[in-house]
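Descriptive analysis of the structure
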Amino acid sequence: MASPDLNGEQRRAVMTHKGPLLVLAGAGSGKTRVITYRIAELIRRGTKPDRILAVTFTNKAAREMRERAMGLLGKRRKGVKGPEISTFHSLCVRILRRNIERLGYPAQFSIYDENEQESIARSTLRDLRVGQEKLRPGDLLSIIGGWKSRGVRPSQAEGVARNDRESLAAMAFERYQGALRAAGAVDFDDLLLCTEELFDRFEDVRTAEARRFDHILIDEYQDTNDLQYRIVVALAKDHRNLCVVGDDDQSIYGWRGAEIAHILGFAKDWPGATVVRLEDNYRCRESILGLANTLIAHNKNRHDKVLRAARGGGDPPRFLRFESELTEATEIVREIRARTSPEKPDRVSFRDIAILFRTNEQPRAFEVELRRERIPYLLVGGQSFYDRKEIRDVLAYLKVLANPTDEVSLLRIINTPRRGISDGVVETVLKRAVEAGKSLWEVLPEAVNDGDVPHYAGERISAFKAMVDRFRLAFQAPGANWAEVFQGMLREMDYKSELDRAYKNPGDSEARWESVGELVNTLATYQDRADAPSLREYLDETTLSRDDLKKEDERPSAVTLMTLHSAKGLEFPYVYMVGMEEGLLPHRRAVEDLGGAGIDEERRLCYVGVTRAKDQLTLSFARARMKWGKERPGIPSRFLMEMRGETEKAARAAEAAQKLFASEGFGQRPPPAAADGKKTPKKGAAAKSAASAKATGGAPRKKTATPAGDVKTPKAESGTARGRARRPVARDAK
């Protein structure tokens, strides 16, 4: 079964049949092949298929593993069960259906989704008379979810609470869990928590479930949290035939509870364990793999391994420096257009190209340029930037500012954020408009005197119209800074609070608020480059070519845009890693975390990105980037220097980033605008530019007048950027 398709270490992993086994599977080393061949080999040697349990983290991965294993085994005889291959949560549902009555739940328990959980959380806080200013339902669920992933029960919560907010959550936890139990329901986290509780409290249940299997295989072991770890131990500790496959260098989910310590400590947890290292990489060219090995070696708390490239040669990775994020997007998309030109004999397929980024806000500029160049693209892991609700909301405000008779946009914003104008009131005013043969906007002033409209609602309609009129004039004022005017409007209507209300998870709310900030950036950029700025023209540009790409996920060939987290497990011949700057990669939160664990995980995330590239890797950064309508200096990511072995320069970049972020503070709201909405001087910009330059050893540079700064357009025939773009990062950042 093994031989010709497996290398020596893969074969050793497949043929080790007894006892605990740790397979350290480096990027591109064929781990799925090892798992599926191992399942087939165990069956060939006499293990009944249904006595094998294989667990992974996603339904897609489980489906792929099942299909590949069945392909090796051939057609199954009728009545013979196959191996049990599933996700952790699916496994736990099956265990709970058999045993949850022992915990006092009905066998036909319900599994509550987020909306149902939120309803219970809201009722719980109301019963405790805890106002939203102290603890919101979304915050409560986030805190409880974190506790559950670590196995913390309601009775233990007060002991682990770190502040007053978590103490309130600890009080609410007991009631929240009681309400779930009273409804005969569990939440998603309870699937793991209740399974672990069953095994802990009822030895007969643990023994019965463990005896169902003779061999257990766990994929992506580096991503297990504490509950999953304890469930695995409970199932495998009797027979000890446990094979775990993973890569500590690709542990990138610490933010959702994954513990890298599980894979690092496997040999200690399971005495006598066999350790197999899969270090032959079949994906990346040698030059790419060299960068990855040098980069990840900066993490000290890891298993010692060095990947070897099975594919030699290849173009050396490129390091490109741009003046701004807009130039970065423009030039990279222009290069993609040249690479994929039908006239090019060695043209590249769109599907072979991926643009990888750290945060969900970054693809906006690339979407604009891809649309402009009519290049099909697929944004993985989310909607198109312009189809997001928060973007559609704020664009609707801009559309009404440009054209108040735009009734669709007016209806969208008249009670967004909520301002006490009910649907019934809107229906009444709409009826008046139809009767009078006028637009909705024209009849709004009459609402305050309409007997069918409550007086308070009429006053709020008047206040809404007055706000729109005032900001329409502000946009039209000579010399007005549109970005600052619009930030003033966002502050006045308090749209941030609307996001906090609509998205209970603080992380979701903040990410959407950052997306609004990205839209403000587009407004500022358009005004800066337009000879005669027009709000109507700006709005036209945002919708240009949208219909052509509406079904981009159905296209047979498209450029892929995705976050680094989403890219794990995938590969592309041509990869662009963009936004390689301090504050993006590594993320600002990790930079501000002086403990260092966050930086290690960000470095692993960068490593994951680098090892997605098969043939050519391009890493780019911008010297300055827009933030809430203002240009902020950038510092090249320390990882760019580290992967080139320039440790001292990386340390200087890290130190400068901490100083820069400390000087900017931690607030994420828009900066104060001038009362008249006009452009204000960029206080301290020169000093910050100097600090950025000091980090990289260079002098502050003036903003260039040329659209592409000092990064010139790539030659279509060579695929290599000219001029300064070809310099290594170290030379750019002396």
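Residues numbered from 1 in each chain as written. Predicted model: local features only at pLDDT ≥ 70, side-chain atom pairs only at ≥ 80, totals over all residues. Heavy atoms only, no water.

1. What about helix α3 (residues 59-73)?
- In this model α3 runs 21 Å from its N-terminal to its C-terminal C-alpha over 15 residues, within 8% of the 21 Å that 1.5 Å per residue would give.
- Buried within α3 we find Ala 62, Met 65 and Ala 69. Viewed end-on, α3 has its buried residues packed into an arc of 65°, placing them on one side of the element. Turned more than 90 degrees from where α3 packs its buried face, Asn 59, Lys 60, Glu 67 and Gly 71 sit exposed.
- On its buried face, α3 sits against α2 (31-44), β2 (52-56) and β3 (84-87).
- Looking one or two residues beyond α3, the residue adopting positive phi is Gly 74, at roughly 85°. (Helix = DSSP H or I, 4+ residues; strand = E, 2+ residues; numbered from the N terminus. Expected span 1.5 Å × (residues − 1). Buried < 20%, exposed > 50% of the residue type's maximum accessible area, 1.4 Å probe, protein only. Arc of directions from axis to C-beta. Contact = heavy atoms within 4.5 Å.)

2. A short note on the pairing of strand β18 (residues 630-633)
- Looking at chain direction, strand β17 (residues 624-627) and β18 are connected through 4 bridges and run antiparallel. Looking across to β18, one finds that Met 626 is bridged to Glu 631. (Pairing = 2+ DSSP bridges.)

3. Concerning the sheet that holds strand β13 (residues 377-379)
- Across the sheet, 6 strands lie side by side as β11-β16-β15-β12-β14-β13; this open sheet has parallel pairing. Lying at the two open borders of the sheet, with one neighbouring strand each, are β11 (318-322) and β13. Sheet twist, expressed as the average angle between the axes of neighbouring strands with direction ignored, equals 20°.
- As defined by bridge partners, β13 adjoins strand β14 (residues 559-563) across 3 bridges and the pair is classed as parallel. Bridge pairing in β14 places Tyr 377 opposite Val 559.
- Against the sheet, helix α15 (residues 325-339) engages β11, β12 (353-357), β14, β15 (572-577) and β16 (613-622), with an angle of about 135° to β11.
- Across the sheet, helix α16 (residues 363-372) lies against β12, β13 and β14, angled at about 155° from β13, the strand it touches most. (Axes fitted to C-alpha atoms, helices over the stretch in contact; angles between N-to-C directions.)

4. Details of the packing of α15 against α16
- Following both chains from N to C, one finds α15 and α16 inclined at 40°, their axes separated by 9 Å at the closest point. The angle between α15 and α16 places the two elements in the oblique class. Once α15 is placed against α16, the crossing between them reads as right-handed. Residues Glu 325, Leu 326, Glu 328, Ala 329, Thr 330, Ile 332 and Val 333 of α15 form the contact with α16, whose participating residues are Arg 364, Ala 365, Phe 366, Glu 369 and Leu 370.
- Grouping the amino acids of the contact of α15 with α16 by side-chain chemistry returns 7 nonpolar, 1 polar and 4 charged. (Parallel < 35°, antiparallel > 145°, perpendicular 65-115°, else oblique. Left-handed = near helix turned anticlockwise from the far one by under 90°. Nonpolar A, V, L, I, M, F, W, Y, C, P; charged D, E, K, R; others polar.)

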